[in-house]
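# Structural characterization, general
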Amino acid sequence: MSENEPAKGYDPHSVEEKWYRTWMDKGYFKADANDGDQPYCIVIPPPNVTGQLHIGHALDNTLQDILIRYKRMKGFKTLWQCGTDHAGIATQNVVERQVASEGKTRFDIGREAFIERVWKWRDEYGGKIVNQLKKLGASCDWSRERFTMDEGCSRAVREVFVTLYNEGLIYRGQKLINWCPRCHTALSDIEAEHEDITGALYYIKYPTADGKGHLTVATTRPETMLGDTAVAVNPEDDRHKQWVGHDVILPLMNRTIPVIGDTYVDVEFGTGALKITPAHDPNDFDIGQKYKLAMIKVIGDDGAMTAEAGRYKGLDRFEARKQIVEDLENEGLLEKIEQHQHAVGHCYRCKTIVEPNLSLQWFVDVKPLAEEAIKAVEDGRTRIVPANWSKTYFEWMRNIRDWCISRQIWWGHRIPAWYCGDCDEIIVAKEDPTKCAKCGSSNLEQDEDVLDTWFSSALWPFSTLGWPDKTPELETFYPTSCLVTGFDILFFWVARMMMMGLKFMDTVPFGDVYIHALVRDEHGQKMSKSRGNVVDPLELIEQYGTDSFRFTLAAMAAQGRDISLSEKRIEGYRHFVNKIWNASRFALMNLDGYTDGFPDKEQLDLKDRWILSRLNDVAAKVNETLDEYRFNETAHILYQFIWHEFCDWYVEMAKPQLYDKENAERRLATQQMLFRVLRSIVELLHPIMPFVTEEIWQKLPGTGESIVIARMPEAQKQELDPDAEAQMDTIIQVVSGTRNVRGEMNINPTARPHVDILCHNDGVADILKAQSEMVCSLAGLASIAVHREFTRPEAAATAVVDKAEVFLSLEGIIDFAEEQKRLQKEIEKVQKDIDFISKKLSNDKFVNRAPADIVQKERDKLEGFEEKKAKLQENFERIGKQCA
RNA sequence: GGGCGGUUAGCUCAGUUGGGAGAGCAUCGGCCUUACAAGCCGAGGGUCAUUGGUUCGAGCCCAGUACCGCCCACCA
């Protein structure tokens with residue numbers, strides 16, 4: 001055993017920790033804006049400070065790290081801008097729970113003290129996800145880590161808010177918004193998740209004021225009737241149109257409300273009569289505005305009925321619903337109840353059913369911003385990959401509605417608006433004002449609300465680079481190169497970054513948006529706590545090592561399709577890591593006598609020229625597929641090449657030469673070649689598997705400081721060698737053919753038989769002769785003899801391959817009947833091929849219309865198959881005689 | 001209601017210019033051969049959901065159907 005010999009199995013944990021620390025100490029991840037190279041920048045989708053690394057983060061950040069490491073190795077000046085998001089509602093919820101465990105509410109503590117506690121919480125626990133990203137190997141520039149609530153980001157937020165306000169794109173207004181009674185805040189439209197549930201449609205009679213009849217309305221939310229201020233019917237509707245202009249009595253409240261006629265009402269639905277509750281339904285709100293109806297708010301911000309709800313005051317909204325239905329029934333006003341499927345909005349943070357509520361909030365008029373954002377994708381300034389996501393993007397952008405940005409919580413960027421206590425002035429300013437701009441009063445109070453968390457996230461690509469200051473970072477790295485994220489935040493985040501980037505930087509925030517899929521469980525089910533199928537990436541890393549985990553994610557990341565992650569797969573790739581480890585171990589065990597350098601062209605033998613050609617082909621494909629975000633192809637190309645070409649064939653072919661210390665020159669050339677290829681392999685693999693590749697690279701002779709800053713191999717066209725590949729193909733066919741016979745015939749693997757090869761092609765025969773030693777070693781033979789003319793032996797098994805016949809003497813080794821059966825099977829197989837192609841070639845249309853080269857190819861193939869069949873037939877008959 | 005995906009080997013999935021279907025795991029047979037049993041050598045397994053069309057030729061292009069999944073949407 002040599003002192004160079006590494007451990008027999010690869011142990012990821014110590015290696016990972018060691019190298020990550022080293023990389024950090026050496027500052028390899030730090031970007032330098034003043035450096036001369038071309039920039040490449042990715043901004044991280046900032047994880048919530050409250051976050052735990054889940055499988056989605058793992059995929060997202062693995063892909064980003066692959067790109068970043070790849071570009072870094074290609075010599076780009078590379079910045080992976082990282083940081084975390086303050087996550088307003090989520091974080092506030094966490095700290096509120098903490099406070100609740102002490103028996104208090106945030107109101108008991110007060111705003112200032114509460115915010116202080118959130119900061120304290122953040123300082124204590126907010127680093128968790130950052131450390132988890134490090135375990136994943138993420139090569140972020142941690143020295144530039146940002147937080148959406150830090151001083152710089154906050155300044156950017158104010159700058160943007162004030163500018164948009166001054167341009168009239170931010171305004172304050174009474175509108176219907178989605179209200180979460182549990183989080184006690186307004187939400188934007190996309191923060192209300194619509195879910196189909198089976199509810200009920202209640203048919204309620206509204207008696208007419210003249211006492212002569214009634215109109216029946218249908219509603220899914222009877223409790224809102226308390227706030228009804230009209231009933232609407234379609235003026236075309238013969239059933240109801242006579243009531244238009246008359247009044248009805250609102251049951252339970254005994255309020256007289258008008259019947260109005262509007263074509264909005266669908267004659268087909270329900271009874272064709274629609275109750276109008278402007279304060280609690282978006283459509284009713286519009287109708288209410290149109291007809292100047294009163295807006296009566298009967299459901300309060302806590303989800304309980306208000307004083308306007310009369311005797312139902314104080315009841316929870318769902319309790320009130322029950323009570324109202326019961327009361328209507330008692331009064332004989334409930335006509336019927338039907339089952340009804342409909343979509344109900346839920347808070348995206350706490351899943352509580354949201355209430356459409358009338359409320360005074362701040363909004364962004366996004367239409368003008370969206371127009372630019374649409375153009376930028378249309379004309380390709382930003383490319384969405386895969387392209388079909390741009391359809392979704394356009395669809396949303398074209399139907400965009402005003403964005404409600406105020407939140408009634410404490411944790412977040414407080415709205416920079418002050419209200420004068422002495423006049424009606426609203427002051428919106430970057431700096432906190434001391435007195436009213438209109439009346440000079442110092443009786444000012446700042447708006448209590450904070451901004452939607454996504455407001456600050458929308459600025460992330462430029463706020464993190466120093467904006468509104470003109471920094472070298474901004475100059476160098478904006479627009480960023482690529483954004484990598486899941487489709488679930490296409491609207492929340494990507495779309496808004498596009499709008500804000502274009503508005504404030506006049507340029508798109510990123511050239512490419514790579515949208516990846518969702519990670520599901522091994523059966524394609526969405527991972528969720530309730531299903532109990534959530535896998536923890538940190539546990540997978542613990543169990544399989546980071547490299548195999550990352551490789552799995554990359555290998556599964558086919559564009560436009562969700563990932564079903566199975567542990568079996570990760571286990572398989574752990575074997576792959578180990579395979580590479582052991583191949584390196586083999587090379588290092590045969591290091592003695594090695595001197596640095598590379599053999600001259602003349603010293604390269606067939607196997608060397610072949611592997612060099614293959615390596616360059618693979619390098620080309622790795623570069624190409626990474627440039628196009630085809631991560632799964634990159635992974636498969638490398639897997640296939642490393643395992644099945646390099647390990648299975650090249651290393652095996654190198655063995656006899658490495659063991660033969662007599663031929664020092666040949667041995668050295670092979671050693672040098674082995675290290676050269678191995679080195680390129682780990683370099684190509686490094687973006688996907690950062691740790692094991694560094695560990696190996698460091699052990700290889702003549703490398704350098706770190707693989708992190710090594711040069712990514714690129715294809716050298718002059719190294720491609722089609723001749724060598726064709727010749728190796730022959731060798732591989734002969735060896736495989738021989739092995740096949742041995743395997744099928746159950747010949748003792750330790751036996752070292754002699755083999756005769758019949759080959760009429762001089763070129764091929766020469767190659768086989770020249771490589772006879774190699775063929776013997778690969779096929780486990782004692783010797784081979786290549787013949788141009790040869791009388792087929794009586795007792796031999798046969799492998800018929802392209803351009804050659806292999807004869808394995810069977811004296812006393814096997815059963816002739818068995819061999820005959822095997823040959824029969826082979827003949828049948830070939831016959832099928834012949835039939836297929838003959839049919840094709842006898843079709844005039846094919847012969848006449850298909851391109852000539854395709855037709856010729858088919859003819860050549862047919863000739864080959866027929867030749868093979870003839871040989872098999874001959875051998876079959878010869879063996880038949882033996883049987884008899 | 002609109003839009004987007006999916007349907008390929010027992011399982012999970014690849015298959016980008018249309019030219020006789022691939023991988024990993026699982027299965028079967030043989031090997032502790034001095035890098036690796038987390039391995040080596042061999043084998044079996046698919047009318048590529050369905051119907052029709054374009055084409056000399058379709059897993060791939062077009063149209064329809066079925067089933068599954070996702071997103072968006074103010075029919076109460």
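The present account deals with the structure reproduced in this document. (Residues numbered from 1 in each chain as written. Chains lettered and ligands numbered in written order. Predicted model: local features only at pLDDT ≥ 70, side-chain atom pairs only at ≥ 80, totals over all residues. Heavy atoms only, no water.)

### As for the sheet that holds strand β11 (residues 255–261)
The strand order across the open sheet formed by four strands is β10-β11-β9-β12, and the pairing between neighbours is mixed. In this open sheet, the two strands that pair with only one neighbour each are β10 (247–250) and β12 (273–276). The mean angle between the axes of side-by-side strands here comes to 35°, regardless of whether they run parallel or antiparallel. For β10 and β11, the ladder comprises four bridges, and the chain directions are antiparallel. (Pairing = 2+ DSSP bridges. Helix = DSSP H or I, 4+ residues; strand = E, 2+ residues; numbered from the N terminus. Axes fitted to C-alpha atoms, helices over the stretch in contact; angles between N-to-C directions.)

### Comments concerning the protein's contact with RNA strand B
Around RNA strand B, the structure places 63 residues, and the nearest of them are D266, N283, S564, R585 and R849. Each atom of RNA strand B within 4 Å of the protein was classed as base or backbone; sugar and phosphate made up 62%. The backbone of A583 places a nitrogen or oxygen atom 3.2 Å from a base nitrogen of RNA strand B. In this structure, K845 approaches RNA strand B through a main-chain N or O atom, which is 3.3 Å from a sugar or linking oxygen. Mapped by element, the contributors of at least two residues to the surface near RNA strand B are β8 (214–219), β13 (334–347), α18 (567–589), α20 (631–659), α23 (722–744), α26 (816–841), α27 (844–849) and α28 (852–883). Partitioning the surface near RNA strand B into residue classes produces 24 nonpolar, 17 polar and 22 charged. (Near = heavy atom within 4 Å. Polar contact = N/O pair within 3.5 Å; in protein donor to acceptor, adjacent residues only side chain to side chain. Nonpolar A, V, L, I, M, F, W, Y, C, P; charged D, E, K, R; others polar.)

### A look at a negative patch on the surface
A contiguous patch of negative charge on the surface is contributed by E522, E539, E542 and E567. Along the chain, E542 turns up in helix α16 (residues 537–544). (Patch = residues over 30% accessible without salt bridge, like charges linked within 9 Å, V, L, I, M, F, W, Y side chains within 5 Å. Areas by Shrake-Rupley, 256 points an atom, 1.4 Å probe, with all protein chains shown as cover. Salt bridge = Lys/Arg side-chain N within 4 Å of Asp/Glu carboxyl O. Lys, Arg positive; Asp, Glu negative; His and termini not counted. Charge placed at Lys NZ, Arg CZ, Asp CG, Glu CD.)

### A word on the sheet that holds strand β7 (residues 192–207)
Strand order in the open sheet made by the three strands is β8-β7-β13, with antiparallel pairing throughout. In this open sheet, the two edge strands, each paired with only one partner strand, are β8 and β13. Going across the sheet, the axis of each strand differs from the next one's by a mean of 20°, ignoring polarity. Summarising the sheet, β7 and β8 pair through six bridges and their orientation is antiparallel. Within β8, the position partnered with K205 by the bridge is T216.

### Regarding the nonpolar core
Membership of the largest hydrophobic core comes to 221 residues, with the highest contact counts inside it found for Y393, M397, F455, M500, F551 and F646. Here this core takes 16 residues from α20, the largest share from any one element. Among residues more than four places away in sequence, those in contact with M397 are A370, A373, I374, A495 and M499. (Core = buried A, V, L, I, M, F, W, Y, C linked by side-chain atoms within 4.5 Å. Buried < 20%, exposed > 50% of the residue type's maximum accessible area, 1.4 Å probe, protein only. Contact = heavy atoms within 4.5 Å.)

### With respect to helix α10 (residues 367–378)
Over its 12 residues, α10 runs 16 Å from end to end, which matches the ideal 16 Å to within 8%, given 1.5 Å per residue. Burial in α10 covers these residues: L369, A370, A373, I374, A376 and V377. For α10, the angular spread of buried residues about the axis comes to 160°, placing them on one side. The inward-facing, buried residues of α10 abut β14 (355–364), β15 (383–385), α11 (389–398) and α15 (490–505). Immediately beyond the C-terminal end of α10, within one or two residues, lies G380, with a positive phi of roughly 85°. (Expected span 1.5 Å × (residues − 1). Arc of directions from axis to C-beta.)

### Some thoughts on the pattern of salt bridges
In the structure shown here, the tally under the stated rule is 67 salt bridges. Here E695 and K18 are joined by a salt bridge, their closest N and O atoms 2.9 Å apart. A residue pair is termed long-range when its members are at least 10 positions apart, and E695 in helix α22 (residues 690–699) and K18 in helix α1 (residues 12–26) qualify at 677 residues. You can call K18 partly exposed: its relative accessible area is 34%.

### Observations regarding the state of the cysteines
Scanning the model with the defined rule gives zero disulfides in all. With no disulfide of its own, C140 lies closest to C82 among cysteine sulfurs, the gap being 4.6 Å. (Disulfide = S-S within 2.5 Å.)

### Brief notes about the packing of aromatic side chains
Aromatic ring pairs are defined here through the distance separating the ring centres and the angle between the ring planes. For the structure on display, the rule yields 36 aromatic pairs. Ring centres of Y171 and F363 lie 5.6 Å apart, and the angle between their planes is 20°; this geometry places the pair in the stacked category. Placement of Y171 in strand β5 (residues 170–180) and of F363 in strand β14 is noted, with a sequence separation of 192 residues between them. Above the ring of F363, the side-chain terminus of K175 is found at 4.8 Å from the ring centroid. Lying over the aromatic face of W403, R496 brings its terminal NZ or CZ to 3.9 Å of the ring centre. (Phe/Tyr/Trp six-rings, centres within 6.5 Å; stacked < 30°, edge-to-face > 60°. Lys NZ or Arg CZ within 6 Å of the ring centre and 35° of its normal.)

### Quick notes on helix α24 (residues 762–770)
By the burial criterion, the buried members of α24 are V764, A765, I767 and L768. Looking straight down α24, one finds its buried side chains confined to an arc of 160°; they lie on one side. Each element contacted by the buried residues of α24 is listed here: α19 (606–627), α23, β26 (754–758), α25 (772–779) and β27 (783–787). With a side-chain oxygen lying 2.9 Å from the backbone nitrogen of G763, the N-terminal cap of α24 falls on N761.

### Some thoughts on the packing of α23 against α24
It is at 10 Å that the axes of α23 and α24 come closest, and there the two elements cross at 70°. On the basis of their axis angle, the class for α23 and α24 is roughly perpendicular. Note that α23 runs across α24; the crossing there is right-handed. Along its contact with α23, which presents Q727, T730, I731 and V734, the element α24 presents V764, I767 and L768. Of the residues assigned to the contact of α23 with α24, the class counts are five nonpolar, two polar and no charged. (Parallel < 35°, antiparallel > 145°, perpendicular 65-115°, else oblique. Left-handed = near helix turned anticlockwise from the far one by under 90°.)

### Quick look at unusual backbone geometry
The step from W467 to P468 runs through a cis peptide bond, and the omega angle for that step is 10°. Tracing the sequence through the fold places P468 in the loop between α13 (460–463) and α14 (472–477). Look at the link from Y478 to P479: it is a cis peptide, with omega at -5°. As for its placement among the helices and strands, P479 is situated in the loop between α14 and β22 (480–486). One non-glycine residue, H184, adopts positive backbone phi at about 60°. Tracing the backbone shows H184 in the loop between β5 and β6 (185–187). Residue class for H184 comes out partly exposed when judged on its relative accessible area of 30%. The phi torsion at L252 lies on the positive side, around 70°, for a residue other than glycine. With respect to the secondary-structure elements, L252 resides in the loop between β10 and β11.

### Looking at the pairing of strand β28 (residues 796–801)
When you tally the buried positions in β28, you get six out of six residues, the bulk of the element. Here six bridges tie β28 to strand β29 (residues 804–809), and the two strands are oriented antiparallel to one another. The partner of V800 across the bridge, within β29, is E805. In this structure, the hairpin formed by β28 and β29 is closed by a connection of two residues, where K803 is found at a positive phi of approximately 70°.

### A short note on the side chain of R496
Residue position: R496 is located in helix α15. It turns out R496 is buried and unbridged, and the closest side chain with the opposite charge, D452, is 4.1 Å from it. Contacts of R496, omitting those with residues within four sequence positions, involve S188, I190, W403, D452, W454, A458 and F491.

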